[in-house]
Amino acid sequence: MSTERPSVVTRFAPSPTGHLHIGGARTALFCWALAHGAGGSFLLRIEDTDQARSSEDSTRRILSDLAWLGIAWDQGPNFTDEAGRSLGGDPFGVAPFNQSERLSIYNEHMDRLLAAGDAYHAFETPEELDAQRKAALAEKKQYRYDRAALEILAEERAARAAGGEEHVIRFRVPDAGITVQDSVLGEVNIKPGEVDDFIIRKRDGFPTYHFAVVVDDELMGVTHVVRGQEHLANTPRHVALQKALGFRTPVYAHTPLIFNPDGSKMSKRDKDKAAREACKSKALSASPAASISDEELTTWVGDKRSQLSIEQLEDLAEHLHIGLPEINVEDFRAAGYLPEVVCNYLALLGWSPGDDIEKFDNAFLAERFSLSRIGKSNAKFDRNKLLAFNTDALADMSDEDFDRRWRAWCEAESPEIVGNLSEGQFSMLARALRPRVKTFLDAAENAAFSLIDAGAIEFDEKAVNKVLLKNDCAGLSTLAELRDALGALGSFDPESVQSGINAFAEEREFGLGKVAQPLRVAVTGSTVSPPIDLTLAVLGQDEVVARIERCLAHCESLQS
RNA sequence: GGCCCCGUCGUCUAGUCAGGUCUAGGACACCGCCCUUUCACGGCGAUAACGCGGGUUCGAAUCCCGCCGGGGUCACCA
């Protein structure tokens, strides 16, 4: 075990109370890039001091999402990613990385503060404090803890606490003003009296976030703290605590925030809203999803304040055939975005390398990243641009890579595709779809035509009319001839199909559209599909003939 | 409301620290044209911004002040 700590240590410290938010991912990415660009170390710490809300499942998901993004942590919980690479570990002997396992460490420093008179026991109940807060609000006064506990003699406070009386510990905030040096925002000055004596240890004996963060950052050798601007107001507290504890103050960098295009927060509520609107527009009377009762659905649709769980929303979305807005990293993963593209796009929100460079990978980011180039103003998340980047990345991929990665995605998200197609069919589909698809999910949706039985095709009546029935059923008779021509083909690979179609068109002096469109409608039900040669070749000769037969029969039944 | 932060095309941004080379550059979106067997891809082109008002200066997107606008935060959550 090396004792020499790196000169740059950054950390990402999520609380395992839910999913990895896309904004959190960007913070992690910046931390990672800063450390790696400087030859330092990136540390992952799990802030699970909220006993009620933390879960191991959440931790696991967060680790998995970070690994998927390619944001590898050098110190932290052990994890093996899908490629078999092992992440985490404790090369500098600073474990454990779960705050819930560090209670004795916190208490040791807590005691120092207590002994020095920089912290004190307080006995107000949450209800009492709440009442005080409300009273202050009613008088339009700013609420600050009134230090009532300090009226009690120090010995008595200690004795009551030692005697088992329920209490919290508060930090006695110095009366002086506090200056925060921020690498992004510059100097931020907080006047004396703005920060009140905040709680550093809760009734349950766990430290609050403020205390745990300060102790851990010191003990884990963290040199740079990069976090969202929502934490800016906390920083004076942390700086004051560091001073009282005799700790260094790390370099701070508060990044701008990420919002929806309309300026609202990107949150689970967006999913709620999208699903609720879909339900309303479909005027649902009964719940289509097993996880939601009819009553639950009715209440939820009618009351904007009520929320369903993410799992319920996803269940509902699946039945309604709608997409929910992506908020968490796993949403983007499920939606078929490439992790390197998500990172690239994220890096552009609030940071820029300059020189009109926009497309880059994480290695470039690490090399070029600097705190001074982080912007100050908040950004709006533009899915169009992300989508455009993803489309470009897919288009730049080799056929082999696309095939391999889309297959891996399908195995996780859309197993019926890999299950119902042969390897050869899948590869042909991949080749056909790659240039016209924006995400893996998009590809999966475009692959639908190849998965259903001939009997299950739903014909788009508009397409049938336009392509087959118009002009005295010209398209229909072409189709009948095509059935014979294609049925007679000796081999059915894309090249043979294409030359067969070309010959057919030439013979009749048709444009290719007059041939391809009737075929599209016949084999997919709609006018849209990949190039016709690949579309047909994926299906195979027998299936194509069967689908044409069925289409002819369908049209006949329409006419009689 | 108190405190704090921010303000360049619709959006992400370059340019601001060291004022002139900025008649403000790039990207995404939008619009138009071309390509085309559908849908896409692709190619070309166009529209589009320094929040407002005062200063300082020969000269301001860049410096100063005020205003307006947006955001964050005010938990025994993190």
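Keep in mind that this is a model prediction, so the values were computed, not measured.

**Regarding the protein's contact with RNA strand B**
Among the 65 residues in the neighbourhood of RNA strand B, the closest are listed as Glu-124, Lys-202, Gly-350, Glu-358 and Arg-436. Taking the atoms of RNA strand B that fall within 4 Å of the protein, sugar and phosphate contribute 69% of them. Asn-378 is positioned with one of its side-chain polar atoms (N or O) 2.9 Å from a sugar or linking oxygen of RNA strand B. Between Lys-385 and RNA strand B, the recorded distance is 3.1 Å, taken from a side-chain N or O atom to a base nitrogen. Of all the secondary-structure elements, those providing two or more residues to the surface near RNA strand B are α4 (126-138), β8 (186-190), α6 (209-219), β13 (379-380), α14 (383-396) and α21 (512-524). Here the surface near RNA strand B is composed, by residue class, of 23 nonpolar, 20 polar and 22 charged.

**Quick notes on the packing of aromatic side chains**
For the structure on display, the rule yields 13 aromatic pairs. A centroid spacing of 5.9 Å and a plane angle of 45 degrees characterise the contact between Trp-73 and Phe-79, whose relative ring orientation is tilted. A single burial state applies to Trp-73 and to Phe-79, both of which are buried. Connected via pairs of aromatic rings, a cluster forms that spans Phe-30, Trp-351, Phe-360, Phe-364 and Phe-369. For the cation-ring pair, Arg-160 lies above Phe-123, with the distance from its terminal atom to the ring centre recorded as 4.1 Å. The ring of Phe-198 carries Arg-237 above its face, with NZ or CZ at 5.5 Å from the centroid.

**Observations concerning the environment of Tyr-145**
By secondary structure assignment, the location of Tyr-145 is in the loop between α4 and α5 (154-162). For Tyr-145, a relative accessible area of 5% gives the class buried. Dropping the residues within four chain positions of it, Tyr-145 is found in contact with Tyr-120, Ala-122, Glu-124, Leu-129, Arg-170, Asp-196 and Asp-197. Among the polar contacts made by the side chain of Tyr-145, one reaches the side chain of Glu-124 at a distance of 2.7 Å.

**What to know about the environment of Leu-43**
Note on placement: Leu-43 falls in strand β2 (residues 41-44). Residue classification places Leu-43 among the buried residues on the basis of a relative accessible area of 0%. Distance from Leu-43 to Val-222, taken between C-alpha atoms, is 8.3 Å for residues 179 residues apart in sequence. Setting aside residues up to four positions removed in sequence, Leu-43 forms contacts with Val-9, Thr-10, Arg-11, Phe-12, Gln-75, Val-94, Phe-97 and Met-220.

**Focus: the nonpolar core**
Grouped together as the largest cluster of nonpolar side chains are 111 residues, with contacts concentrated most on Phe-381, Trp-406, Leu-486, Leu-519 and Leu-536. In this structure, Val-9, Ile-178, Leu-241 and Phe-247 belong to the second largest nonpolar core, which totals 33 residues.

**Thoughts on α4**
Helix length check: α4, at 13 residues, gives a terminal C-alpha distance of 18 Å against a target of 18 Å (1.5 Å per residue), a fit within 8%. A positive backbone phi angle near 55 degrees is found at Lys-140, which sits one or two residues after α4.

**Some details on helix α12 (residues 339-347)**
Counting buried positions over the nine residues of α12 gives eight, a clear majority of the element. Pro-339, Val-341, Val-342, Cys-343, Asn-344, Tyr-345, Leu-346 and Ala-347 are the residues of α12 that are buried.

What counts, and where the lines are drawn
Residues numbered from 1 in each chain as written. Chains lettered and ligands numbered in written order. Predicted model: local features only at pLDDT ≥ 70, side-chain atom pairs only at ≥ 80, totals over all residues. Heavy atoms only, no water. Near = heavy atom within 4 Å. Polar contact = N/O pair within 3.5 Å; in protein donor to acceptor, adjacent residues only side chain to side chain. Helix = DSSP H or I, 4+ residues; strand = E, 2+ residues; numbered from the N terminus. Nonpolar A, V, L, I, M, F, W, Y, C, P; charged D, E, K, R; others polar. Phe/Tyr/Trp six-rings, centres within 6.5 Å; stacked < 30°, edge-to-face > 60°. Buried < 20%, exposed > 50% of the residue type's maximum accessible area, 1.4 Å probe, protein only. Lys NZ or Arg CZ within 6 Å of the ring centre and 35° of its normal. Contact = heavy atoms within 4.5 Å. Core = buried A, V, L, I, M, F, W, Y, C linked by side-chain atoms within 4.5 Å. Expected span 1.5 Å × (residues − 1).

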